[in-house]
Amino acid sequence: MTALERVERALERLGPDPWNAFLHVEAEGARTRARRAPEGPLHGVVVSVKDNLAVRGMPMTCASRHLQGYVAPYTATVVERLEAAGAIVLGKTNLDEFACGSSGESSAFGPTLNPRDPSRVAGGSSSGAGASVAAGVVDLAVGSDTGGSVRAPGSFCGVAALKPSPGLVSRYGLSDLAMSLEAPAPMARTVGGLTRLMQVMAGPDPRDSLTAAASPFVPHQGELSLQGLRIGVPEAFFEGVEEATARPVRAALARLEAKGATLVGVELPSLRFALSAYYLLNYAEFASAMQRFDGTRYGYRGEGKGLEEAQAESRAVFGPEVKRRILLGTYVTSRDRREAWYGKALAAKQAVASDFQRVFEQVDVLAGPTMPFRAFRLGERVADPLAMYASDVLTVSANLAGVPAGTVPLRVEGLPVGFQVMGPRGSDARLLALMGHVEALSGVAP
Amino acid sequence: MTVRIGLEIHVYLKTHSKLFCACSARFLEAPAPNTQVCALCTGQPGAKPMGVNAEALRLGLQVAQALGCTLMPGVRFQRKHYFYPDSPANYQRTATPHGTNGSLEGVRIRELHWEEDPGAYDLREGTVDYNRAGAPLLEIVTEPDLRDPAHARAFLAELRFLLDHLDANYEAAGLKADVNVSVPGGERVEVKNVNGLRNVETAIDHEVARQTEAISRGEPVGRETRHFDEVRGVTTRLRTKEEEADYRYMEDPDLPWLPLPPALLSETLLPEAPLARRTRFETAFGLARAEATTLLRERSLADAFEALASTLPPAAVAEFLQRDLRGELHARGLTFTASGISVAELTALLSGLGARSITPQVATRLLRERLDFGRSLVEGVRAEAAEKGTAEQAVGEAVVAALAENPKAVEDYRAGKATALNFLVGAVMKRLKGRAAPDVVRAAVEAGLGNLR
Amino acid sequence: MTLTPEEVARLSRLARLKLGEAEAAALRSDLTAILAKFEEVSGAAATAPSSPESPTLALREDVPAPAPPEEVEGIVAAFPRRKDRAVDVPRSLP
């Protein structure tokens, strides 16, 4: 298939976008690029990019009314690398506004529907990215993961996703939610697709100071032996998890065991505070990140009577979850509160990281379900922020601990279920190799 | 109780690029507003800071050394949050101090730290230009140890000296300061954003006088923030805010810990700090403070001085460099470094002067030819000395011949007739066809007559 | 612990967010509930810093490299209002 044919097929599959997966489709641009896509490992491959990543000349709304009409003047490093490798960006995908959400329902431009069941959420915040892969529009998508934002849609939509180790993938061009916890992250139909994306995207970038120390990503060479692989399974990972999710995950674990892996019961006491620590840090960093949006240099400018009024009006168009997080972040970092809230959250983060480090001396990987439940119905949780936050209980710890985590869609009847694995920091390649095994043994048939 | 004055000085560091991005830091050379900008320094969504500017780091460490500070093992950049149009992201990246507990001219230096400049907000026009946003600043915070305006002047002069020696300041941009003044009976008043040393001195003068007068009239002086009006040279009240700002300082998650290890310090710090070196110039070479200060203002000139003073009389070298050389350089707007004049060249020039093989006037001419046409001083001195030698030889020969040809005049001279000398000088001049200075010839004839005895 | 309306007002001023009355009330209740839930984090034990791999900030040689013209012009084009190339901002009230 030529590049142009691939683009046409993607556009055809997309059609009128009944899932609301895309906020912007660059049809003509994609066709033009297809005609002169550079040779490279992703030559002619059509990809989607989450709309919180900058692509010069394309809109970048972060799914917010505040940035409606904003056109990015520069391109995110990961997208630059993808395009240099020959990939063609079909368009920008929908997300929770400024990536604040776990279902996709917080987009100012309507939620993304789950291609497997349009009455249900696609998972967030990379909802459009997940849907674009699940709907077969693209095979590869770039999202971002702060506390589960590619793994949730991966699990809910039935696609593979990886949250990389910190510092491995440049964040230059990714609009900030929680800078110390997040990175651009690949989503794909298969685990092999994740590896293809990582090979191109990962690697040090002088434009992101946090990538300087990371070792380069090299795909795992040869077979990963399951013989004697120690898989830690904390019981906490199954607490409060619905049966329809727990069963196929335990079955997948059993198949790994049958192939020679050892399942080890482990304890991670710090997990008790992981969700709280995650959200408090998220709020604190988000409030800081959102300071820049005041309508001065870009974005919606208010018509207030004076400077302060205009700025406040400009920021009034944020959605409720964004406002909640900004106010909470302001609260936990304010002078009198900082020690008790932000300080404690940092300490809890430290505790989680230490706990994971200790556990990875006993086992090679941790495994369990990606999400506590399968895709819920639209509207079911969105009115109750705490209920929404609870979706993240199994995913946030990897971001806090600074370790890689991936989700593999399991072969199940009905709604998709994701199987999550986590490994020590920097073990992304090996983790992908293990995910490949899970995919072969228990995954969705290609 | 005394007058207490403290300063928070912001020095624009002399770098090519900004603190966290590679845009040019020479913002006064920008062709138009918002031309030397990028995604980072205009706060575009998703932009991230790059590694910290190594030159800004070097200069900041050298200033800390020059002020005798204790150096910290490392620094962490923080975010200082506030909403203002000149701030690209409505927070400023500002580091924890890298130097503490220094002193200068009897004033304790509390701390030094790096921070980025915001953009330029033109309040009258209501416009913002981000060309300078992200430019590297060094903030120097003093304790309120300045006693009076004169003390402040002396302190600032010393600071200027250090910055010149280190070539640390983007001269065209200069520096700016917040000035804190309290007089006995009154509270502390802050005058914000005073531009340039001269204005700082004026602001201090004005504020001390204003507060003292108010107190003497029985008017209270409470804590407040004021603005300095450059045009009128006075301070005016700024709107006082009811709430004290909460900047919600947090460690910048994009910028990890910046270590300042011994290896970095040993390759960055000067082998000799400026004040110590100046003291050594005074004691080892017997220079006055003012002379030493002048020589040390430009490090390469000071290095040249030391090299020359090891073989030539220091006083003479000092005087020549300070007065003659600097005079010519200054007239041409050149630094010593930019002139490219080498120690070898200066050695030739100064040796020639010392040996009198060239005159001061010739030396000046050679210096000008060097600066204006690039003619090597070594060559120039050699040529002049040769010519002078040739000339001297010619004069000597002419004198010998003239004395031999005019025995009667010689007799007359010996007999005490003064006019005979003039006659003989005339005879030599005639032989030389006038191509010699009369006083040189006269001296040569006298010497020749003396030798005949 | 409940957030008072004054605290919500103060936070919204600090964060430059303009809130309607109903909105402020709803936020007050949400924020109170969320903070109550997450207050548990104070029970987390402090541990010694664990990461031996903590990155350190790299130094960048002082070589200027202007952004490409498309980037600079794209930035200027995004200004909501301008006077020539400068951003035009609403005046502060006296």
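Residues numbered from 1 in each chain as written. Chains lettered and ligands numbered in written order. Predicted model: local features only at pLDDT ≥ 70, side-chain atom pairs only at ≥ 80, totals over all residues. Heavy atoms only, no water.

Here we take up the overall build of chain A. The number of helices and strands found in chain A is 14 helices and 13 strands. In summary, chain A has a C-alpha radius of gyration of 21 Å against a globular reference of 22 Å for 446 residues, a match within 12%. Dimensions of chain A, computed from C-alpha atoms along their principal axes, come out at roughly 70 × 60 × 45 Å. Taken across its 446 residues, chain A has 67% of its residues classed as buried. Summed over all atoms, the accessible surface of chain A reaches about 13,800 Å², with 50% contributed by carbon and sulfur. (Helix = DSSP H or I, 4+ residues; strand = E, 2+ residues; numbered from the N terminus. Rg over C-alpha atoms; globule rule 2.2 N^0.38 Å. Buried < 20%, exposed > 50% of the residue type's maximum accessible area, 1.4 Å probe, protein only. Areas by Shrake-Rupley, 256 points an atom, 1.4 Å probe, with all protein chains shown as cover.)

With that settled, the discussion passes to the overall build of chain B. Of the regular secondary structure elements, chain B holds 15 helices and 17 strands. Scaling as 2.2 N^0.38, a compact globule of 453 residues should have a C-alpha radius of gyration of about 22 Å, whereas chain B reaches 31 Å, well beyond that. Considered along the principal axes of its C-alpha atoms, chain B spans approximately 105 × 55 × 45 Å. Scored against the burial criterion, the 453 residues of chain B give a buried share of 54%. Look at the contacts in chain B between residues 6 or more apart in sequence, and 67% of them connect residues 24 or more apart. Element-wise, carbon and sulfur atoms account for 53% of the exposed surface of chain B, whose accessible area totals about 20,100 Å². (Contact = heavy atoms within 4.5 Å.)

Residues and elements named next belong to chain B. Tallying each qualifying case throughout the model produces 5 cavities of 30 Å³ or more. Quantified by volume, the largest cavity comes out at close to 160 Å³. Surrounding the largest cavity, 18 residues form its lining, P88, Y91, R93, E116 and G134 being those nearest its centre. Of the residues forming the lining of the largest cavity, the biggest block, 3 residues, is contributed by strand 6 (residues 91–95). Partitioning the lining of the largest cavity into residue classes produces 10 nonpolar, 4 polar and 4 charged. Empty space within the second largest cavity amounts to approximately 70 Å³. (1 Å grid on protein atoms, 1.4 Å probe; cavity = no way out; pocket = protein on both sides within 12 Å on 5 of 7 lines; lining within 4 Å. Points joined across faces, edges and corners; volume = space filled by probe spheres on them. Nonpolar A, V, L, I, M, F, W, Y, C, P; charged D, E, K, R; others polar.)

Residue and element names in this part refer to chain A. For the structure on display, the rule yields 25 aromatic pairs over all chains. Here the aromatic rings of F98 and F293 are separated by 4.9 Å at their centres, their planes lie at 55°, and the arrangement is tilted. Here F98 is found in the loop between strand 3 (88–93) and strand 4 (113–114), whereas its partner F293 is found in the loop between helix 8 (274–289) and helix 9 (307–315), with 195 residues between them in sequence. For the residue pair F98 and F293, the accessibility class agrees, reading buried in each case. (Phe/Tyr/Trp six-rings, centres within 6.5 Å; stacked < 30°, edge-to-face > 60°.)

In an α-helix, one turn spans 3.6 residues, which is why side chains three or four residues apart end up on the same side. All names here are of chain B. With 13 residues, helix 1 (residues 54–66) extends 18 Å between its outermost C-alpha atoms, agreeing within 8% with the 18 Å of an ideal straight helix rising 1.5 Å per residue. Burial of helix 1 is extensive: 11 of the 13 residues sit out of reach of the surface. Residues A54, A56, L57, L59, G60, L61, Q62, V63, A64, Q65 and A66 constitute the buried set of helix 1. The N-terminus of helix 1 is capped by N53, whose side-chain oxygen sits 2.9 Å from the backbone nitrogen of E55. Residue G68 follows helix 1 closely and has a positive phi angle near 70°. (Expected span 1.5 Å × (residues − 1). Polar contact = N/O pair within 3.5 Å; in protein donor to acceptor, adjacent residues only side chain to side chain.)

Time to look at the sheet that holds strand 2 (residues 82–83) of chain C. Strand order in the open sheet made by the 4 strands is 9(B)-10(B)-3(C)-2(C), with antiparallel pairing throughout. Across the chains shown, the open sheet's two edge strands, defined by having one partner strand only, are strand 9 (120–122) of chain B together with strand 2 of chain C. For strand 2 of chain C and strand 3 (residues 86–88) of chain C, the ladder comprises 2 bridges, and the chain directions are antiparallel. Bridge pairing links K83 of chain C to A86 of chain C in strand 3 of chain C. (Pairing = 2+ DSSP bridges.)

Below, the discussion takes up the interface of chain C and chain A. Taken residue by residue, the interface counts 55 residues in chain C and 59 residues in chain A. Across the chain C to chain A interface the summed buried area is about 4,800 Å²; carbon plus sulfur atoms make up 67%. Summed over the shared surface of chain C and chain A, the number is 6 salt bridges. Notably, a salt bridge pairs K18 of chain C with E313 of chain A, separated by 4.0 Å at the nearest N-O pair. Where chain C touches chain A, the interface holds 10 residue pairs in polar contact (both at pLDDT 80 or more). Among the secondary structure elements, those contributing two or more residues to the side of chain C that touches chain A are helix 1 (5–14), helix 2 (21–38), helix 3 (69–78) and strand 3 of chain C. No other element matches helix 2 of chain C, which puts 9 residues into the side of chain C that touches chain A. Classifying every residue of the side of chain C that touches chain A by side-chain character gives 32 nonpolar, 8 polar and 15 charged. (Buried area = accessible area lost by both parts, 1.4 Å probe. Salt bridge = Lys/Arg side-chain N within 4 Å of Asp/Glu carboxyl O.)

What follows concerns the interface of chain A and chain B. In this assembly, 38 residues from chain A lie in contact with 33 residues from chain B. Interface area for chain A against chain B, summed over the two sides, is near 3,000 Å², with a carbon-plus-sulfur share of 50%. Here K48 of chain B makes a salt bridge to D176 of chain A, at a shortest N to O gap of 2.8 Å. Linking chain A with chain B are 28 residue pairs in polar contact (both at pLDDT 80 or more), by the criterion used here. Among the elements of the structure, helix 8, helix 9 and helix 10 (320–333) of chain A are those that each provide at least two residues to the side of chain A that touches chain B. Looking at the side of chain A that touches chain B element by element, the count peaks at 5 residues for helix 8 of chain A. Its residues assigned to classes, the side of chain A that touches chain B shows 17 nonpolar, 11 polar and 10 charged.

All names here are of chain A. Most of strand 3 sits out of view: 6 of its 6 residues are buried. Alignment of strand 1 (residues 22–25) against strand 3, held across 3 bridges, turns out to be antiparallel. Its bridge partner lying in strand 3, V25 is registered against G91. Taken together, the 5 bridges between strand 2 (residues 46–50) and strand 3 define a ladder with parallel strand orientation. Considered in strand 3, the bridge of V49 is made with K92.

All right, on to the packing of helix 7 (residues 299–309) of chain B against helix 8 (residues 314–331) of chain B then. Helix packing for two helices is described by the angle between their axes and how far apart those axes are. All names here are of chain B. At a minimum axis separation of 9 Å, helix 7 and helix 8 run at an interaxial angle of 145°. For the crossing formed where helix 7 meets helix 8, the hand is right-handed. Contacts between helix 7 and helix 8 involve L301, F305, L308 and A309 from the former and P314, V317, A318, L321, L325 and R326 from the latter. Residue classes in the contact of helix 7 with helix 8 are distributed as 9 nonpolar, no polar and 1 charged. (Axes fitted to C-alpha atoms, helices over the stretch in contact; angles between N-to-C directions. Left-handed = near helix turned anticlockwise from the far one by under 90°.)

Considering all chains together, one arrives at 76 salt bridges over all chains under this definition. Note that D139 of chain A is salt-bridged to R189 of chain A, the shortest N-O span being 3.4 Å. Of this pair, D139 of chain A sits in the loop between helix 4 (127–134) and strand 6 (140–145) while R189 of chain A sits in the loop between strand 8 (183–188) and helix 6 (191–201), and the two are 50 residues apart along the sequence. Through salt bridges that share partners, R171 and D208 of chain A together with R79, R93, E116, D252 and D254 of chain B make up one connected network.

A separate point is unusual backbone geometry. Residues G124 of chain A and S125 of chain A are joined by a peptide bond in cis, for which omega reads 10°. In this fold, S125 of chain A is placed in the loop between strand 5 (117–121) and helix 4. Phi is positive for N101 of chain B, which is not a glycine, with a value near 55°. Within the secondary structure layout, N101 of chain B lies in strand 7 (residues 99–104). A positive phi is found at R356 of chain B, a non-glycine position, where the angle reads about 60°. Residue position: R356 of chain B is located in the loop between helix 10 (343–354) and helix 11 (360–373).

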